[in-house]
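Topology and contacts: notes
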Amino acid sequence: MTIDLMTVLAIFAMAAATITTRMAGLLVGRLFKVSPSTEEILSAIPPSVLMAVVAPTAFATGWAETIGCAVVALSATRLPLLPAAAGGVLTVAVLRALGL
């Protein structure tokens, strides 16, 4: 196995960009006071991003994945993102095991 220098540099650059944006978000969050309506709007972003990532799977694959995406969509309205995604994954696994 060979390790390409450009690949390693790209991985480190992406890691640095991720850490920088996360730290900047923490710093900016401490500097500004947001209103309750702004907090409500910002809290809608993560489920929206999750559905933007998951939705194409619902239409490009079989019934198990479509039902799993529906479970994620419905549970994301009431649960945090991790349990919502885990519920979708579990649904797909069970439906595939059942042969759907």
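In what follows, the structure referred to is the one given above.
Residues numbered from 1 in each chain as written. Predicted model: local features only at pLDDT ≥ 70, side-chain atom pairs only at ≥ 80, totals over all residues. Heavy atoms only, no water.

**Overview of the overall build of the protein chain**
Secondary structure summary: the protein chain contains five helices and zero strands in total. Seen in sequence order, the protein chain has helices and strands lined up from the N terminus as α-α-α-α-α. Across its three principal directions, the C-alpha atoms of the protein chain cover 50 × 50 × 20 Å. In the protein chain, once contacts between residues fewer than 6 apart in sequence are set aside, the share between residues at least 24 apart is 44%. Just so you have it, the protein chain exposes about 7,900 Å², and 76% of that area is on carbon and sulfur atoms. Charged side chains in the protein chain number 5 positive and 4 negative. The centres of these two groups are separated by 9 Å. (Helix = DSSP H or I, 4+ residues; strand = E, 2+ residues; numbered from the N terminus. Contact = heavy atoms within 4.5 Å. Areas by Shrake-Rupley, 256 points an atom, 1.4 Å probe, with all protein chains shown as cover. Lys, Arg positive; Asp, Glu negative; His and termini not counted. Charge placed at Lys NZ, Arg CZ, Asp CG, Glu CD.)

**Regarding the packing of helix H2 (residues 36–43) against helix H3 (residues 45–60)**
One can describe the packing of H2 onto H3 by two numbers: an axis separation of 5 Å at closest approach and a directional angle of 20 degrees. The angle between the axes of H2 and H3 places the two elements in the roughly parallel class. Taking contact as the criterion, the partners of Ile41, Leu42 and Ser43 in H2 are, on H3, Ile45, Pro46 and Pro47. Considering only residue class, the contact of H2 with H3 consists of five nonpolar, one polar and no charged. (Axes fitted to C-alpha atoms, helices over the stretch in contact; angles between N-to-C directions. Parallel < 35°, antiparallel > 145°, perpendicular 65-115°, else oblique. Nonpolar A, V, L, I, M, F, W, Y, C, P; charged D, E, K, R; others polar.)

**Description of the packing of H3 against helix H4 (residues 63–75)**
Across the interface, H3 lies against H4 with an axial gap of 8 Å and an inter-helix angle of 160 degrees. When the interaxial angle is binned, H3 and H4 end up roughly antiparallel. Crossing of H3 against H4: the hand is left-handed. Contact residues: Leu50, Met51, Val54, Thr57 and Ala58 in H3; Glu65, Thr66, Cys69, Val72 and Ala73 in H4. (Left-handed = near helix turned anticlockwise from the far one by under 90°.)

**Describing the environment of Gly99**
By the secondary structure assignment, Gly99 is in the segment after helix H5 (81–97). For Gly99, a relative accessible area of 64% corresponds to the exposed category. For Gly99 and Ala64, which are 35 residues apart along the polypeptide, the C-alpha to C-alpha distance reads 8.9 Å. (Buried < 20%, exposed > 50% of the residue type's maximum accessible area, 1.4 Å probe, protein only.)

**Some thoughts on the side chain of Glu65**
Secondary-structure assignment places Glu65 in helix H4. In this structure Glu65 comes out as buried when scored by relative accessible area, which is 12%. Among the polar contacts listed, one links the side chain of Glu65 to the backbone nitrogen of Gly62, at a separation of 3.2 Å. Not counting chain neighbours up to four residues away, the residues in contact with Glu65 comprise Thr57, Val92 and Arg96. (Polar contact = N/O pair within 3.5 Å; in protein donor to acceptor, adjacent residues only side chain to side chain.)

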